[in-house]
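Working through the structure, step by step
Listed below are the residues making up each chain.
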Amino acid sequence: MPNTLILQASSRSNGHSATIARMAQEYLDAGLVDLRPLEINPYSYDHAHTGDDFLPLMRRVLEYETIIFVTPVYWYAMSGILKNFFDRITDCLKIEKAMGRRLRGMGMAAIACGSEEMETEGFFVPFRLSAEYLGMRYLGDVHTWMDSGEVDLKVEERLRLFSENLLSNG
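Quick look at the structure, then.

What counts as what
Residues numbered from 1 in each chain as written. Predicted model: local features only at pLDDT ≥ 70, side-chain atom pairs only at ≥ 80, totals over all residues. Heavy atoms only, no water. Helix = DSSP H or I, 4+ residues; strand = E, 2+ residues; numbered from the N terminus. Rg over C-alpha atoms; globule rule 2.2 N^0.38 Å. Buried < 20%, exposed > 50% of the residue type's maximum accessible area, 1.4 Å probe, protein only. Pairing = 2+ DSSP bridges. Arc of directions from axis to C-beta. Contact = heavy atoms within 4.5 Å.

1. Considerations on the overall build of the protein chain
Tallying secondary structure elements over the protein chain gives six helices and five strands in all. Starting at the N terminus and walking to the C terminus, you meet the elements of the protein chain as β-α-β-α-β-α-α-β-α-β-α. Its C-alpha atoms give the protein chain a radius of gyration of 15 Å, within 12% of the compact-globule value 15 Å for 170 residues. Once the C-alpha set of the protein chain is aligned to its principal axes, its extents read approximately 45 × 30 × 25 Å. The 170 residues of the protein chain split such that 48% are buried.

2. What to know about the pairing of strand E3 (residues 66-72)
Among the seven residues that make up E3, seven are buried, leaving the element largely enclosed by the rest of the structure. Neither face of E3 is exposed, since Thr66, Ile68, Val70 and Pro72 on one face and Ile67, Phe69 and Thr71 on the opposite face are all buried. With five bridges connecting them, strand E1 (residues 4-8) and E3 associate as parallel partners. For Thr4, the partnering residue across the bridge sits in E3 and is Thr66. Relative to strand E4 (residues 107-114), E3 runs parallel, the two being bridged by seven bridges. Following the sheet pairing, Ile68 is matched in E4 by Ala109.

3. Let's talk about helix H2 (residues 54-61)
Among all positions of H2, only Phe54, Leu55, Leu57, Met58 and Val61 are buried. Buried residues of H2, viewed axially, fall in a sector of 155°; they line one side. Packed against the buried residues of H2 are E1, strand E2 (31-34), E3, helix H3 (80-94) and helix H4 (97-101).

4. Observations regarding unusual backbone geometry
Positive phi values are uncommon outside glycine, yet His47 reaches one of about 55°. Here His47 shows up in the loop between E2 and H2. Within the chain, Trp75 stands out as a residue other than glycine whose phi angle is a positive 50°. Secondary-structure assignment places Trp75 in the loop between E3 and H3. Accessibility expressed as a relative area gives 79% for Trp75, which makes it exposed.

Interpretation note: all reported values are geometric properties and have no functional meaning in isolation.
The structure is reproduced here in structure tokens:
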């Protein structure tokens, strides 16, 4: 999917989620950013963290038409790294309003990578509702899993179909 950026949000840069992110990158011909080495501090009501990597990353994100979040399933939810990113979008609504307005109309999708085939009920709700709140187009989501070093053929097929759907409808 041209003009797409994947944000990989795992505590491991070379873990299972990273494997899935790289597969999606190939299917979609997308850019890829690993959030782990970046300094993205938690949201602060007094905006004390504006000197970290969040705002420069958002400037880069806004160069794309679509953003895809890839996150492991940690305690039935997105990773803490990604939660910090989502919380910090508030900076784009409070102190960098022009940046926040540029999110309107962008596409958003999400990919989860768990350790088992069963999807956590409601896992993707925060993604969908955040997209709606920000005026973004929610393009869908897919649950993947890895319990070994190999990608299951069912996962590969799910990810391929998800990517094809994004390419044709995104």
